[in-house]
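Examining the three-dimensional arrangement
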Amino acid sequence: MRITVLSVGHRMPGWIQEGFGEYLRRMPPEIRIELVELKPEERGAGRPVERAMAAEGERMLAALPAGATLLALDEKGRSVSTQGLSVMLSGWMREGTHPAFAIGGADGLSEAVKERAEKLVSLSALTLPHGLVRVVLAEQLYRAWSILARHPYHRE
C-alpha cells in the first residue's frame, strides 16, 4: 500500500525531518509513505495571500498521484480519532486505495484543494504549524497500523 503526503514547505528544520523519518522507518514494508514537498509561494508586499495559496493549491493538485484519494488536513475538517484512522487505514488496505494527505502552508490550503478532496479531516482543533502536522500525521498513521497489527505501541 502507498500513502502520499503532499505538503507545502521545504527545507524543514532537522527535528521535523527526523521526527517524520522516524515514523516512516517504523512502518511495515507493505505500507510505504511518500512525502512530496511543494515549494511555498513568496509572501510579502504586493503579493496577496489568496494568490499565493491558489498557486500552491495548483501545484498540489498537479502533484496528486493519478487515482489517489485526496484527504485535506484542515483544522475545520471532521475530527478523526486514532481508532477512526485505524478503521480508515484498514479499509484502504482492503480496497487497495491510495490515500493522499494534503498539508497546506502557513496560510492553509486553497479552496480548490478543499473542494477536490474526498474528505476534509482535522487532526486537532488546535492550529498546528504545517511542519509539525507532518510529524503528527506520520505518528498517527504508525499508531493506526499498530492498532491493526495488535502491536504494543498503542496502549488503550
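The structure this text deals with has already been given above.
Residues numbered from 1 in each chain as written. Predicted model: local features only at pLDDT ≥ 70, side-chain atom pairs only at ≥ 80, totals over all residues. Heavy atoms only, no water.

1. A look at the layout of surface pockets
What the largest pocket holds in volume is close to 430 Å³. Along the walls of the largest pocket sit 23 residues, with L73, D74, E75, G108 and L128 positioned nearest its centre. Of all the secondary-structure elements, those providing two or more residues to the lining of the largest pocket are β3 (69-79), β5 (119-122) and α5 (130-148). The element that contributes the greatest number of residues to the lining of the largest pocket is β3, accounting for four residues. (1 Å grid on protein atoms, 1.4 Å probe; cavity = no way out; pocket = protein on both sides within 12 Å on 5 of 7 lines; lining within 4 Å. Points joined across faces, edges and corners; volume = space filled by probe spheres on them. Helix = DSSP H or I, 4+ residues; strand = E, 2+ residues; numbered from the N terminus.)

2. Observations concerning the sheet that holds strand β4 (residues 99-103)
What the five strands build is an open sheet, ordered β2-β1-β4-β3-β5; its pairing is parallel. At either margin of the open sheet sits one strand with a lone partner, and together these are β2 (32-38) and β5. Going from strand to strand, the sheet's axes swing by 30° on average, the running direction of each strand aside. In this structure, strand β1 (residues 2-8) lies alongside β4, joined through four bridges in parallel fashion. (Pairing = 2+ DSSP bridges. Axes fitted to C-alpha atoms, helices over the stretch in contact; angles between N-to-C directions.)

3. Structural notes on unusual backbone geometry
Unlike most non-glycine residues, R11 shows phi in positive territory, near 55°. Here R11 is to be found in the loop between β1 and α1 (14-26). R11 sits in the exposed class, given a relative accessible area of 72%. Positioned with a positive phi, R150 is a non-glycine residue whose angle comes to about 55°. (Buried < 20%, exposed > 50% of the residue type's maximum accessible area, 1.4 Å probe, protein only.)

4. Section: the side chain of T4
Locating T4 in the fold gives a position in strand β1. Among the residues examined, T4 registers a relative accessible area of 1% and is labelled buried. A distance of 2.7 Å separates the side chain of T4 from the side chain of H98, its partner in a polar contact. Here T4 is in contact with E34, V36, P65, H98, P99, A100 and F101, once residues within four sequence places are set aside. (Polar contact = N/O pair within 3.5 Å; in protein donor to acceptor, adjacent residues only side chain to side chain. Contact = heavy atoms within 4.5 Å.)

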